[in-house]
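# Structural overview for review
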Amino acid sequence: MRIILLGPPGAGKGTQAKTLAIRLNMPHISTGDILRQNVSKATDLGKKAKDYMDKGLLVPDELVTEMVGSRIDQPDAKKGFILDGYPRNISQAESLDSLLKARNITIDKVFDLSASEAVIVQRLSGRLACSGCNANYHIKNMPPKKAMICDNCGSKLYQRADDKEETIKKRLEVYKKESAALIKYYSAQKNLQEICADKDAEIVLNEMVGFVSGR
Ligand code: AP5
């Protein structure tokens, strides 16, 4: 099974993808996470991506598509994967189609997670990420047991550099500009499912699992 999660920043794509990946026993491929790892290791890709990410802009399509191509070729992605944060525009959607066609595989389900702007801002301004295992928390909605320490691995939690008010605004602007065409693209392929992601995370997850298992 191959799944794409679309949705604005803060809709909960990462939160849902992590849990869904465990349930379905397949890798969660987040372009944002892979890019942030490259930035923190100061790789060539990270150095090229950093400035775009700090400004809330999209990293150039060709860099991201190459990264996704090599990730889906890893052995753990052979039986399926969940793509989170890719594609983000029509050019990336077309590139993904080419990547899939060359490997003789298809996408089974595209979930479009929607959330109101008030919810998005509340979620992003309180988000905490783990510097060790990448787990996701929220100061109020999903707090760690011990302040600023990850429940899973004990590493320190941090606030993402792009979760500042100005950058959040820019990321939302970029999303609004690109998303309508992307949703139309997948709607035409008849595998798009809209999910209201304002609700409790477990309700959202169960809804997605229901669609995936044909319930
Ligand atoms: P990326 O990391 O993909 O960020 P994003 O798309 O802006 O999405 P977020 O990670 O902010 O939100 P999310 O929907 O995953 O929400 P989360 O689950 O964390 O990309 C970052 C940057 O990388 C981009 O700006 C761009 O520069 C670059 N990039 C990435 N992909 C690219 C691409 N394909 N092309 C070009 N550039 C690319 O949840 C948010 C918070 O809410 C958390 O604290 C969580 O605990 C909480 N929460 C989640 N769900 C719920 C719920 N149901 N109830 C209560 N709280 C909840």
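All of the points below concern the structure found in this document. (Residues numbered from 1 in each chain as written. Predicted model: local features only at pLDDT ≥ 70, side-chain atom pairs only at ≥ 80, totals over all residues. Heavy atoms only, no water.)

As a further point, take the site of the ligand. In the region of the ligand, 35 residues are neighbours, and Thr 15, Leu 57, Arg 88, Arg 127 and Arg 171 sit closest. Within the side chain of Gln 92, a nitrogen or oxygen atom sits 2.8 Å from a nitrogen atom of the ligand. Side-chain polar atom of Arg 123 to a nitrogen atom of the ligand: 3.2 Å apart, as the coordinates give it. Broken down by element, the residue count for the shell around the ligand peaks at four residues, all from helix α2 (residues 31-40). (Near = heavy atom within 4 Å. Polar contact = N/O pair within 3.5 Å; in protein donor to acceptor, adjacent residues only side chain to side chain. Helix = DSSP H or I, 4+ residues; strand = E, 2+ residues; numbered from the N terminus.)

The omega angle of the peptide bond from Tyr 86 to Pro 87 is 0°, so this bond is cis rather than trans. Following the sequence through the fold, Pro 87 ends up in the loop between β3 (81-84) and α5 (90-102). Even without a glycine there, the phi angle at Asn 25 is positive, about 55°. Residue placement: Asn 25 occurs in the loop between α1 (13-24) and β2 (28-30).

This part is about the packing of α5 against helix α7 (residues 165-188). Here α5 crosses α7 at 35°, and the two axes come no closer than 9 Å. The residues of α7 that touch α5, namely those facing Ile 90, Ala 93, Glu 94, Leu 96 and Asp 97, are Ala 181, Leu 182, Tyr 185 and Tyr 186. Residues that form the contact of α5 with α7 fall into these classes: seven nonpolar, no polar and two charged. (Axes fitted to C-alpha atoms, helices over the stretch in contact; angles between N-to-C directions. Contact = heavy atoms within 4.5 Å. Nonpolar A, V, L, I, M, F, W, Y, C, P; charged D, E, K, R; others polar.)

Here we come to the nonpolar core. Among the nonpolar cores identified, the biggest contains 26 residues, and Ile 4, Phe 81, Leu 83, Leu 96 and Tyr 186 are the most heavily contacted of them. Breaking this core down by element, the ones donating at least two residues are β1 (2-6), α2, α3 (44-55), α4 (61-72), β3, α5 and α7. Broken down by element, this core gets its largest block of residues, five residues, from α4. Core analysis: the second largest hydrophobic core is formed by 22 residues, Leu 124, Leu 172, Ala 197 and Met 208 among them. (Core = buried A, V, L, I, M, F, W, Y, C linked by side-chain atoms within 4.5 Å. Buried < 20%, exposed > 50% of the residue type's maximum accessible area, 1.4 Å probe, protein only.)

Moving on, we come to the pattern of salt bridges. Counted according to the given criterion, the structure contains 14 salt bridges. One salt bridge in this structure joins Arg 103 and Asp 73, with 2.7 Å as the shortest N-O distance. Within this pair, whereas Arg 103 is found in the loop between α5 and β4 (109-114), its partner Asp 73 is found in the loop between α4 and β3, the two being separated by 30 residues in sequence. We classify Arg 103 as partly exposed; its relative accessible area is 29%. On the basis of relative accessible area, Asp 73 is assigned to the partly exposed category, the value being 34%. Taken together, the shared-partner salt bridges in this structure form one network comprising Arg 127, Arg 160, Asp 162, Asp 163 and Arg 171. (Salt bridge = Lys/Arg side-chain N within 4 Å of Asp/Glu carboxyl O.)

On to the pairing of β4, then. Among the six residues of β4, five are classified as buried, and the element is accordingly described as predominantly covered. Sheet topology note: the β1/β4 ladder contains four bridges and is parallel. Its bridge partner lying in β4, Ile 4 is registered against Val 110. Taken together, the five bridges between β4 and strand β8 (residues 192-196) define a ladder with parallel strand orientation. The partner of Phe 111 across the bridge, within β8, is Gln 193. (Pairing = 2+ DSSP bridges.)

For the coordinates displayed, the defined rule picks out two aromatic pairs. Look at Phe 111 and Phe 211: their rings are 6.4 Å apart centre to centre, the planes differ by 50°, and that puts the pair in the tilted class. Of this pair, Phe 111 sits in strand β4 while Phe 211 sits in helix α8 (residues 201-212), and the two are 100 residues apart along the sequence. Geometrically, the ring pair formed by Tyr 185 and Tyr 186 is edge-to-face, given 5.2 Å between the ring centres and 85° between the ring planes. (Phe/Tyr/Trp six-rings, centres within 6.5 Å; stacked < 30°, edge-to-face > 60°.)

Strand order in this open sheet of five strands is β2-β3-β1-β4-β8, and the pairing throughout is parallel. Each edge of the open sheet carries a strand with a single partner, namely β2 and β8. Each neighbouring strand pair of the sheet contributes to a mean axis angle of 20°, computed without reference to strand direction. One ladder, built from three bridges, connects β2 with β3; its direction is parallel. Directly across from Ser 30, in β3, lies its bridge partner Asp 84.

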